[in-house]
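# Remarks on the overall topology
Given next are the chains, with one letter for each unit.
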Amino acid sequence: VRTGQKVRIRFQNNLQETSNIHWHGLYVPDYADGHPRFVAQPGEEYVYEFEVINRAGTYWYHPHPHQRTGAQVNAGMAGLFIVEDEIEDALDLPSGDFDVPLVLQDRRFDEDNQLLYVNNMHDQTMGFRGNRILVNGKLDQTIPVATRPYRLRLLNGSNSRIYILAWDDESPMKVIGTDGGLIERTVITRYITFGPAERAELWVDFSDYEVGTKVSLVDLGEGQPITIATFSVDEVSDVRMTLPNRLRGIDSIDPQQAVNIDNPRSFEFSMGRTPVINNLTYQIDGVDDNEIVRLGDTEIWEFINNVNSGGMMPMPHPVHMHGHQFQIIERTVDPDFAQQWAGIINGYLDYGWKDTVLLMPGETVRVVVRFDHYEGIFVYHCHMLEHEDLGMMRNYQVKL
Ligand code: C2O
Ligand code: CU
Ligand code: CU
């Protein structure tokens, strides 16, 4: 779709349970956002109508019924929602066959190749991990490419897995976009740290390779590199393009404009008896005093991954906010963890417009957000879907 277009989506629930659809990253009114209080009962229909006001970018959608998001996404309900606009058109990036979406999802298969989902508390509290990694729903993806530049759009659509992605030949990764579309300038990095729900857009020029070569995207997160997708350079192309120096301006929000600059709102994600935010669990109608903001205000929100709350093992929490995208202004790591996260820190996708930020144990992240779209009740939550379903989610309300 293109920015400025109006869309109407008819969602027919043919499941035996409630469901709905959330448009991850898009600015939409709360009744169209897939909030858990707006679900379609089995057999019912729900019509989503909104205008696409986001800038060009790789957004996505998935169900959001309370306590069933993980199971429904695992069963296959998720997809991309790509937005294009004129500013991006003018950059003439690789398009059509050369603009390749790659949705990464791990899944667990039993001996009969049937999908399995969580069946115990351990899977829930630790987050579900599959035994195979699928790309666009398929195993062992080999993608034929030509000797020319490509734009790759990656989504980590996994329920809980974090990837450390790199090229297997150690070529630098050229990141041109994140959650909310293109960033100002290309970031060159050896690997990217890719948390659940994050997007990364890469520029890759296969004219650096001979025909007949294969180069793979691998996950370094498990010790031994695991192949995610293999690009097989099969065809000669003489199309040459240069990566623009400046990609696209970011309307950067000045933290000094935040109404709470001296006293940011703070949200602590911790593993108590269940995963909680500021010791609270999800209540479908619950909005705490600390969860009411004014339409039009700019605020600083601080997310803390507290590991001192006892009980359970320290866990990462990819923190996601509905309704508004934010910009990351600061990330700090507790010195006790600095060593442990040394192989992760340089790959964070902390630039551009973001809706999800990975928060490792011992980390604190500050973001600046302008609540300038719609009033209403939205959620923010951990995007490890098993944590979300256990209640690591809260409402916040934007009021006039
Ligand atoms: Cu991907 Cu609450 O969303
Ligand atoms: Cu979302
Ligand atoms: Cu979590």
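Here's a quick rundown of the structure.

## A look at the overall build of the chain
- From N to C terminus, the chain includes six helices and 27 strands.
- Against the compact-globule benchmark of 21 Å for 400 residues, the chain has a radius of gyration of 21 Å, which places it among compact chains.
- Along the first, second and third principal axes, the C-alpha set of the chain runs to 60 × 50 × 50 Å.
- When the accessible area of the chain is evaluated, it comes to approximately 16,700 Å², of which 46% is carbon and sulfur surface.
- Each charge sign in the chain was given a centre, from 33 positive and 58 negative side chains, and these centres are 2 Å apart.

## A short note on the nonpolar core
- By size, the foremost hydrophobic cluster in this structure holds 36 residues, and its most contacted members are Leu102, Leu152, Leu154, Leu165, Trp167, Phe206 and Phe231.
- Apart from residues no more than four positions distant in its own chain, Phe206 is found in contact with Val145, Ala146, Thr147, Arg148, Tyr150, Val215, Phe231 and Val233.
- Counting residues in hydrophobic clusters, the runner-up holds 25 residues, among them Phe267, Ile277, Val293 and Phe326.

## Quick word on the sheet that holds strand S16 (residues 214-219)
- If you trace the five strands from one edge of the open sheet to the other, you get S9-S17-S16-S11-S14, paired in mixed fashion. Each edge of the sheet is formed by a strand with only one pairing partner; in this case those strands are strand S9 (141-146) and strand S14 (192-194). Ignoring strand direction, the axes of neighbouring strands in this sheet form an average angle of 25 degrees.
- For S9 and strand S17 (residues 226-235), the ladder comprises six bridges, and the chain directions are parallel.

## What to know about the environment of Gln397
- Counting through the fold element by element, Gln397 comes out in strand S27 (residues 393-399).
- Put simply, Gln397 and Met271 are 126 residues apart on the chain and 25 Å apart in space, counted from C-alpha to C-alpha.
- Apart from the residues within four sequence positions on either side, Gln397 is in contact with Val287, Glu291, Ile292, Val293, Gly376 and Ile377.

## Concerning the coordination of the copper ion (ligand 2)
- Protein ligation of the copper ion (ligand 2) involves His22 (NE2) and His320 (NE2), the donor distances falling in the range 1.8 to 1.9 Å. Of this pair, His22 sits in strand S2 (residues 22-24) while His320 is found in strand S22 (residues 317-321), placing the two residues 298 residues apart along the sequence.
- The exposure class of His22 is buried, given its relative accessible area of 1%.
- His320 gets classed as buried once you look at its relative accessible area, which sits at 0%.

## Considering the coordination of the copper ion (ligand 3)
- Surrounding the copper ion (ligand 3) are the protein donor atoms His317 (ND1), Cys382 (SG) and His387 (ND1), which sit 2.0 to 2.2 Å from the metal.
- The sequence pattern formed by the donor residues of the copper ion (ligand 3) is H-x64-C-x4-H. In this pair, His317 is assigned in strand S22 and Cys382 in strand S26 (residues 376-382), connecting sequence segments 65 residues apart. Accessibility classification places His317 together with Cys382 in one group, the buried group.

## Topic: the packing of aromatic side chains
- Considering all chains together, one arrives at 25 aromatic pairs under this definition.
- Consider the rings of Phe50 and Phe81, whose centres lie 6.3 Å apart with planes at 35 degrees: the pair is tilted. Placement of Phe50 in strand S3 (residues 45-51) and of Phe81 in strand S5 (residues 79-83) is noted, with a sequence separation of 31 residues between them.
- Residue class for Phe81 comes out buried when judged on its relative accessible area of 9%.
- Each residue in the set Phe267, Phe269, Trp301, Phe303, Phe371, Phe378, Tyr380 and Tyr396 is aromatic and connected to the rest through ring pairs, giving one cluster.
- Note that Arg148 overlies the ring of Phe98, its terminal NZ or CZ placed 3.6 Å from the centroid.
- Over the ring of Tyr348 we find Arg331; its NZ or CZ atom is 3.5 Å from the centre of that ring.

Each value, and the rule that gives it
Residues numbered from 1 in each chain as written. Chains lettered and ligands numbered in written order. Predicted model: local features only at pLDDT ≥ 70, side-chain atom pairs only at ≥ 80, totals over all residues. Heavy atoms only, no water. Helix = DSSP H or I, 4+ residues; strand = E, 2+ residues; numbered from the N terminus. Rg over C-alpha atoms; globule rule 2.2 N^0.38 Å. Areas by Shrake-Rupley, 256 points an atom, 1.4 Å probe, with all protein chains shown as cover. Lys, Arg positive; Asp, Glu negative; His and termini not counted. Charge placed at Lys NZ, Arg CZ, Asp CG, Glu CD. Core = buried A, V, L, I, M, F, W, Y, C linked by side-chain atoms within 4.5 Å. Buried < 20%, exposed > 50% of the residue type's maximum accessible area, 1.4 Å probe, protein only. Contact = heavy atoms within 4.5 Å. Pairing = 2+ DSSP bridges. Axes fitted to C-alpha atoms, helices over the stretch in contact; angles between N-to-C directions. Donors = N, O, S within 2.8 Å, 3.2 Å for Na, K, Ca; no water. Phe/Tyr/Trp six-rings, centres within 6.5 Å; stacked < 30°, edge-to-face > 60°. Lys NZ or Arg CZ within 6 Å of the ring centre and 35° of its normal.

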